[in-house]
Amino acid sequence: QVQLVESGGGLVQAGGSLRLSCAASGRTFSSFHMGWFRQAPGKDREFVAALSGSGGRTDYSNAVKGRFTISRDNGKTTVYLQMNSLKPEDTAVYYCAATDHFARNYTIQRTYSYWGQGTQVTVSP
C-alpha cells in the first residue's frame, strides 16, 4: 500500500502562485509514476500533470502547460506541483495519484492505483 497526503492548497488571487506537495509513504517511491489531477465543482476530474519515477518523462495538460511544473524529490518521497500565473478556472480540488505499473497513458485516471484525499485550490479574480 501507498499513502498519499497532499498539502499546500489555499486561496490566491489571479496571477499568483502556489506550490502543492504530495508526501508518499509505504513503498519504494522512486518506482512510482506520479500524477496530479483536479476536479472543479460540477465537472469531471481531469488530468493536470504526470512525472516518471526517474523524472525523465513529464506530461502536462494543454490547460496548464507553461504555467505549472511537476517535480519530485525521491529522497523526501514527495512530488510537487508548482502553479504559476493562476487563473480563476484553475479553482478545483487537486489530487495526487501514484502507480507502479507500466502504462501506455499516464494522463488517464484508471492508470493510477493510489490516490490522495485532495487539497482545495481557490483562485479569486
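Thresholds applied
Residue indices follow the written sequence of each chain, beginning from 1 at its first position. Two thresholds apply to this predicted model, a pLDDT of at least 70 for residue-level local features and 80 or more for giving and counting side-chain atom pairs, whereas whole-chain, interface and lining totals are computed over all residues. Computation of side-chain values: all heavy atoms of the structure, hydrogens and water removed. As used in this record, nonpolar core signifies buried Ala, Val, Leu, Ile, Met, Phe, Trp, Tyr and Cys residues forming a set joined through side-chain atoms within 4.5 Å. Using a 1.4 Å probe on the protein chains alone, a residue whose accessible area is under 20% of its type maximum counts as buried, one over 50% counts as exposed, and one in between counts as partly exposed. Each helix is a run of DSSP H or I of at least 4 residues and each strand a run of E of at least 2, with the numbering of both proceeding from the N terminus. Pairs of cysteine sulfur atoms within 2.5 Å are what we label disulfides. By definition, two strands form a pair when at least two bridges between them are found by DSSP. In this analysis, rings of Phe, Tyr and Trp, with Trp reduced to its six-membered ring, are considered paired at centre separations within 6.5 Å, and the interplanar angle assigns stacked below 30 degrees, edge-to-face beyond 60, and tilted for intermediate values. Put simply, a charge is over a ring when the Lys NZ or the Arg CZ is close to the ring centre, within 6 Å, and near the line of the ring normal, within 35 degrees.

Caption draft 1: Spatial organisation of the nonpolar core. Leu 4, Met 34, Trp 36, Leu 81, Met 83 and Tyr 94 are the most contacted members of the largest nonpolar core, which has 29 residues in total. Those elements giving two or more residues to this core turn out to be strand S3 (18-25), strand S4 (33-39), strand S5 (46-51), strand S7 (68-73), strand S8 (78-83), strand S9 (92-99) and strand S11 (119-124). Judged by nonpolar contacts, the second largest core, of seven residues, contains Phe 37, Phe 47, Ala 50 and Tyr 112.

Caption draft 2: Up close: the state of the cysteines. Counting across every chain of the model gives one disulfide. Disulfide partner of Cys 22: Cys 96, at an S-S distance of 2.1 Å. Around the S-S axis, the bridge from Cys 22 to Cys 96 shows a dihedral of about -80 degrees and counts as left-handed. With a gap of 74 residues between them, Cys 22 in strand S3 and Cys 96 in strand S9 connect regions that are remote in the sequence.

Caption draft 3: Region of the structure containing the pairing of S8. In terms of burial, S8 is largely enclosed, as five of its six residues are buried. Bridge count for S3 against S8 is six bridges, and the pairing is antiparallel. Along S8, the bridge assignment pairs Leu 18 with Met 83. The pairing of S7 with S8 spans six bridges and is antiparallel. Residue pairing across strands places Arg 72 opposite Val 79, the latter belonging to S8. Between the antiparallel neighbours S7 and S8 lie four residues, among them Thr 77 with a positive phi of about 45 degrees.

Caption draft 4: A look at unusual backbone geometry. Although it is not a glycine, Thr 77 sits at a positive phi angle of roughly 45 degrees. With respect to the element layout, Thr 77 can be found in the loop between S7 and S8.

Caption draft 5: Structural detail: the packing of aromatic side chains. Evaluation of the coordinates by the stated rule reveals five aromatic pairs. Measuring from centroid to centroid gives 6.0 Å for Phe 32 and Tyr 114, while their planes differ by 65 degrees, and the two rings are edge-to-face. Taken as a pair, Phe 32 in the loop between S3 and S4 and Tyr 114 in strand S10 (residues 114-115) lie far apart in primary sequence, 82 residues in all. In this pair, the class of Phe 32 matches that of Tyr 114, namely buried. A centroid spacing of 5.6 Å and a plane angle of 75 degrees characterise the contact between Phe 37 and Phe 47, whose relative ring orientation is edge-to-face. Of this pair, Phe 37 sits in strand S4 while Phe 47 sits in strand S5, and the two are 10 residues apart along the sequence. In terms of burial, Phe 37 and Phe 47 fall into one category: buried. Members of the aromatic cluster, each reached through a chain of ring pairs, are Phe 37, Phe 47, Tyr 112 and Trp 115. Note that Arg 45 overlies the ring of Tyr 95, its terminal NZ or CZ placed 3.8 Å from the centroid. In this arrangement the basic side chain of Arg 45 is found over the ring face of Trp 115, its NZ or CZ atom lying 4.9 Å from the centre.

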